[in-house]
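# Chain and residue survey
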Amino acid sequence: MPRSSERRRRQLLGAALGAAALPFSSRAAPARDTVLLGQSVPLSGPAQHLGIEYQRGLRLALDAAQAAGQLGGRQVELLSLDDQYEPEVAQENTRQLLQDGALALVGYVGTEATQRCLPLAVQAGAAMVAPLTGAEALRQRPARSLVHLRPGLLAETGLIARTLATVGLQRVAVLQQGDADGAAGLAALRESLQAAGLPAPLLVASVARNSTGQSALQQTDVAEAVQRLLSAQPQAVVFLCAYASTAGVLRLMRQRGWAGGAYATSLSSSAAMGSLLGPLAAGLSVTQVVPAPGDTSRPLVAAFQQRLKASGGPMAEYVSLEGWVAGLLVAEALRRMPRGGGRESFLAALESLGGHDLGGLVLRWDPLRRQALSQVSLTVLDSLGRPLR
């Protein structure tokens, strides 16, 4: 459990990144026409790209809806707290966010954080919206509080497995993150390989969450995983971890001459991988769960690019676009929610969004999985670390 000084540091970091934050002890309840949305995400540490970019897109969408008067006269405040991709910290943050009166929890990152924090949302009668997790276990008879945006991992790993089958790669090894995200990915991949008529993984190597192989942190699991993977002589490796661990392992494998196929789920952010690996990222295939951030034929992408440029932010990429889409979903639910409505009204509004067009992206609400999107795609990185398609 973080000390109070560390907790305060995380709050100040959230504020520096654009999230309004006050000390817990002095925070006032939201004003009558102000809606507080709570978010716990990694804003520092090895997974910070996921949290910072998801928060960026989410905030931009909410700000745009606010400026356009699309929120029913409400003021919206997004309070983002840093959890460094550590589930127990996310749990502490969530207790405080709900105590502070958050209408809903939005845009969390990670399966274990979602699993730990969902019971708190259920107990409070609050929605937990668009967490960055594809865990199938969270889509099997899910709690009503849980509202998924992205497709599940069976869709992502299914596309990877079909691609492996198409190109004739059967000797497949796996790098698994040693937590709930990795376990969910491996379970989905095993099912997908079987469905594609491929053998089970010949080897599963594991690294700890937030492991990058930094000797200064005495992290030895990356080097050990590389040695195990190389010794298995796989034709392809599927990476089921966040981007920092994927980059750490793939870099060493390429440097040691391995030239096999590399595949990763969207947890290995393609933008982060490109910047970390540069030319070594060439050929890495990464699944994506939202449209291409350069596809301006879709009005929602064109609007995102325009807003991002006006804010002085970085280039559009998949994680920030997913945050933007989540923000559009939340904004539309707020618009539909009756004035004076609370957590139950907001949840009901979210459930009414099936068929709504966000601007070239139609929400297809699945009430059994409590999921709004189902399409995935596969991008391949070039020698500059940029997605080719």
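Whatever comes next refers back to the structure up there.
Report follows, based on the coordinates. What you see as residue numbers is a count from 1 along each chain, following the sequence as written. Given that the model is predicted, a residue must reach a pLDDT of at least 70 before its local features are reported, and side-chain atom pairs must reach 80 or more before they are shown or counted; all residues, however, enter totals for whole chains, interfaces and linings. Water and hydrogen atoms play no part in the side-chain values, which are based on all heavy atoms of the structure.

### A closer look at the environment of Val207
Definition in use: Starting at the N terminus, helices and strands are each numbered in turn, a helix being any DSSP run of H or I of at least four residues and a strand any DSSP run of E of at least two. The rule is simple: take the accessible area with a 1.4 Å probe, protein chains only, and divide by the maximum for that residue type; under 20% is buried, over 50% is exposed, in between is partly exposed. Note on contacts: a residue pair qualifies if any of its non-hydrogen atoms lie within 4.5 Å across the two residues.
Looking at the secondary structure, you find Val207 in strand S7 (residues 203-207). Under the relative-accessibility criterion, Val207 is labelled buried at 1%. For the pair Val207 and Cys241, spaced 34 residues apart in sequence, the C-alpha to C-alpha distance is 8.4 Å. When residues no more than four places from it in sequence are discounted, the contact partners of Val207 are Leu175, Gln176, Gln177, Gly178, Asp221, Val222, Ala225, Ser245 and Val249.

### Comments concerning the nonpolar core
Considering soluble globular proteins, one finds that nonpolar side chains tend to be buried as a cluster. Spelled out, the test is: We define the nonpolar core as a collection of buried residues of types Ala, Val, Leu, Ile, Met, Phe, Trp, Tyr and Cys that are connected through side-chain atoms lying within 4.5 Å of one another.
Within the largest apolar cluster, 89 residues are counted, with the highest numbers of intra-cluster contacts made by Val129, Phe346 and Leu350. By residue number, the principal contributor to this core is helix H11 (residues 318-336), which donates 12 residues. Among all residues touching Phe346, those that are not within four sequence positions of it are Leu103, Ala104, Ala127, Val129, Val330, Ala333, Leu334 and Met337. Among the nonpolar cores identified, the runner-up in size contains 22 residues, and Leu98, Cys117, Leu138 and Ala184 belong to it.

### Digging into the packing of aromatic side chains
The cut-off we apply is this: Stacked, tilted and edge-to-face are the three classes assigned to paired rings of Phe, Tyr and Trp, where Trp is represented by its six-membered ring and a pair needs centres within 6.5 Å; plane angles under 30 degrees give stacked, over 60 edge-to-face, the rest tilted.
A full pass over the atoms with the stated rule returns 1 aromatic pair. Between the aromatic rings of Phe304 and Trp324, the centroid separation amounts to 5.4 Å while the plane-to-plane angle is 45°, which identifies the pairing as tilted. You can see Phe304 sitting in helix H10 (residues 299-310) and its partner Trp324 sitting in helix H11, a full 20 residues away along the chain. Owing to a relative accessible area of 0%, Phe304 belongs among the buried residues under this scheme. The exposure class of Trp324 is buried, given its relative accessible area of 3%.

### Quick look at the pattern of salt bridges
Quick reminder of the rule: A carboxyl oxygen of Asp or Glu within 4 Å of a side-chain nitrogen of Lys or Arg is what we treat as a salt bridge.
As enumerated under the stated definition, the model contains 15 salt bridges in all. Among the salt bridges present, the one from Glu112 reaches Arg209, with a minimum N-O distance of 3.5 Å. Within this pair, whereas Glu112 is found in helix H4 (residues 111-124), its partner Arg209 is found in the loop between S7 and helix H7 (221-232), the two being separated by 97 residues in sequence. Arg144 is the partner of Glu344 in a salt bridge, and the nearest nitrogen-oxygen pair spans 2.9 Å. Of this pair, Glu344 sits in helix H12 (residues 343-351) while Arg144 sits in the loop between strand S4 (127-129) and strand S5 (146-147); the two residues are 200 residues apart in sequence, bridging distant segments of the chain. Through salt bridges with shared partners, a single ionic network connects Glu86, Glu112, Arg116, Asp179 and Arg209.

### A few points about the sheet that holds strand S2 (residues 75-82)
What counts here: Following DSSP output, two strands are said to pair if at least two bridges run between them. The axes used here are C-alpha line fits, helices contributing only the stretch in contact, and every angle between their N-to-C directions lies in the interval 0 to 180 degrees.
Taken in spatial order, the 5 strands line up as S2-S1-S3-S4-S5 in an open sheet, and their pairing is parallel. Only two strands of the sheet have a single partner each, and these edge strands are S2 and S5. Looking at chain direction, strand S3 (residues 104-106) and S4 are connected through 3 bridges and run parallel. In the sheet register, Val106 faces S4, and the bridge partner there is Val129. Along the sheet, helix H2 (residues 48-67) makes contact with strand S1 (34-41), S2 and S3, crossing S2 at roughly 170°. Set on the sheet, H4 makes contact with S3, S4 and S5; between it and S4 the angle comes to about 155°.

### Considerations on H7
This is how it is decided: To estimate the expected span of a helix, subtract one from its residue number and multiply by 1.5 Å.
Look at H7: 17 Å from first C-alpha to last across 12 residues, which is about the 16 Å you get at 1.5 Å a residue. Following H7 by one or two positions, Gln233 has its phi on the positive side, about 50°.

### Overview of the sheet that holds S7
Sheet strands line up and pair through hydrogen bonds in the backbone, either parallel or antiparallel. Pairing within the open sheet is mixed, and its 6 strands lie in the order S7-S6-S8-S9-S10-S11. The two strands at the open ends of the sheet, each matched to only one other strand, are S7 and strand S11 (377-380). Direction aside, neighbouring strands of the sheet carry axes that sit 25° apart on average. Pairing analysis gives 5 bridges linking strand S6 (residues 172-177) to S7, with the strands arranged parallel. Looking at S7, one finds that Gln177 is bridged to Val207. Each of S6, S7, strand S8 (236-240) and strand S9 (261-264) touches helix H8 (residues 243-255); the most contacted strand, S8, lies at about 160° to it.

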